[in-house]
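One letter stands for each residue in the lines below.
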Amino acid sequence: RNFSAMCEGARKLAFDRLLEDAGALGATGLTSVRYASHCLDQGVIEVVAYGTAVALEPPQTQAVGDELVLSTSYEDPRLQGCRSLGVVRGITVRSRNVVTNIGAGLVALFTGQEVPAWTKLCDAAREEALARMRQHALEAGAQGVIGVRFETNELAPGLAEVLAYGTAVSSGALRDPPLFAQR
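A brief report on the enclosed structure follows. Everything quoted here is computed from the prediction, not taken from an experiment.

### Structural notes on the environment of Phe-150
Relative to the helices and strands, Phe-150 resides in strand β5 (residues 144–156). Each C-alpha atom, one on Phe-150 and one on Arg-126, is 7.8 Å from the other, the two residues being 24 residues apart in sequence. In this view, Phe-150 contacts Tyr-50, Arg-126, Leu-130, Leu-163 and Ala-164; residues no more than four positions away in its chain are not counted.

Right, dumping it as C-alpha cells:
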C-alpha cells in the first residue's frame, strides 16, 4: 500500500474524530487545529489532530468550580485582561504490554489499518496528562490554560512520555464570548 495514501488516511481519520468530538460539544467550528505524528514502533505511526471547538452562540452553561477554559490558541475572549500565571504541565509515562505489542504488530504488518489497542492506550495517556495539567493549573489559581499543546517522546523501546502543557491564566471573571460575525 502507498505510504503517502496511508498517512493521508490516518490524518483524515484523526480529523474526522476531532470534528465528531467538537460536534458533541455543540461546536460550529474549530480553531488552532494541530496535527502531530509519532512513531510508536517500527511500521506504526500515531497521528493526532487537536484544536479548540468554537460556536456561533455562547454555551448554555459557563465554566464553574473546578472547570477551566482550555484553548489551543493563545487568546480566549472569555478571559479578558488575563495575566499569565506561568507554564503548567501534566506528564505521564506509559509502557505497552507484550500481548498488546504482538497483536498490534500483526495488525500493522498485515493490514496497514488502525491499531485499536494502541489508539486506546494513546488516548488514555493523553487524557491522563491533560487531567494532570488541569490539576496543576487549578493549584496555581488559574481560570484557563491557553496555548495547550501535547508532546509524545519515546524514552526507551516500549516506554513513552506524554506531556500536556500550556500557559495558565487568570482574570477578574469569566465572560460570555462575543458572537462570531456571520457572513
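### What to know about a negative patch on the surface
The grouping of Glu-20, Asp-21, Asp-123 and Glu-127 at the surface amounts to a negative patch. The residue Glu-20 is located in helix α1 (residues 3–24) in this model. What makes Glu-20 exposed here is its relative accessible area of 59%.

### A closer look at the nonpolar core
Soluble globular proteins tend to bury their nonpolar side chains together. Residues Val-88, Leu-130, Met-133, Ala-137, Val-145 and Ala-164 are the most contacted members of the largest nonpolar core, which totals 16 residues. Every element with two or more residues in this core is listed here: β2 (44–54), α3 (116–139), β5 and β6 (159–170). The element contributing the most residues to this core is α3, with five residues.

### Topic: the side chain of Thr-152
Summarising the element assignment, Thr-152 is placed in strand β5. Residue classification places Thr-152 among the buried positions, given a relative accessible area of 16%. Every residue in contact with Thr-152, bar those within four places of it in the chain, is listed here: His-38, Glu-46, Arg-126, Ala-160, Glu-161 and Val-162.

### Quick notes on the sheet that holds strand β4 (residues 83–95)
Within the open sheet, the four strands sit side by side as β3-β5-β6-β4. Their pairing is mixed. Bordering the open sheet on either side are β3 (69–70) and β4, each of which pairs with just one other strand. Both β5 and β6 contribute to a ladder of ten bridges, which runs antiparallel. Across the sheet, residue Ile-146 finds its bridge partner in β6, namely Thr-167. With respect to the sheet, α3 is in contact with β3, β4, β5 and β6, its orientation differing from that of β4 by roughly 145°.

### Here we look at the side chain of Ser-71
Among the secondary structure elements, Ser-71 is positioned in the loop between β3 and β4. Since its relative accessible area comes to 2%, Ser-71 is described here as buried. A distance of 2.8 Å separates polar atoms of two side chains, one belonging to Ser-71 and the other to Ser-73. Discounting chain neighbours no more than four positions away, the residues touching Ser-71 are Thr-52, Asp-76, Val-145, Ile-146, Gly-147 and Val-148.

What counts, and at which threshold
Residues numbered from 1 in each chain as written. Predicted model: local features only at pLDDT ≥ 70, side-chain atom pairs only at ≥ 80, totals over all residues. Heavy atoms only, no water. Helix = DSSP H or I, 4+ residues; strand = E, 2+ residues; numbered from the N terminus. Contact = heavy atoms within 4.5 Å. Patch = residues over 30% accessible without salt bridge, like charges linked within 9 Å, V, L, I, M, F, W, Y side chains within 5 Å. Areas by Shrake-Rupley, 256 points an atom, 1.4 Å probe, with all protein chains shown as cover. Salt bridge = Lys/Arg side-chain N within 4 Å of Asp/Glu carboxyl O. Lys, Arg positive; Asp, Glu negative; His and termini not counted. Charge placed at Lys NZ, Arg CZ, Asp CG, Glu CD. Buried < 20%, exposed > 50% of the residue type's maximum accessible area, 1.4 Å probe, protein only. Core = buried A, V, L, I, M, F, W, Y, C linked by side-chain atoms within 4.5 Å. Pairing = 2+ DSSP bridges. Axes fitted to C-alpha atoms, helices over the stretch in contact; angles between N-to-C directions. Polar contact = N/O pair within 3.5 Å; in protein donor to acceptor, adjacent residues only side chain to side chain.

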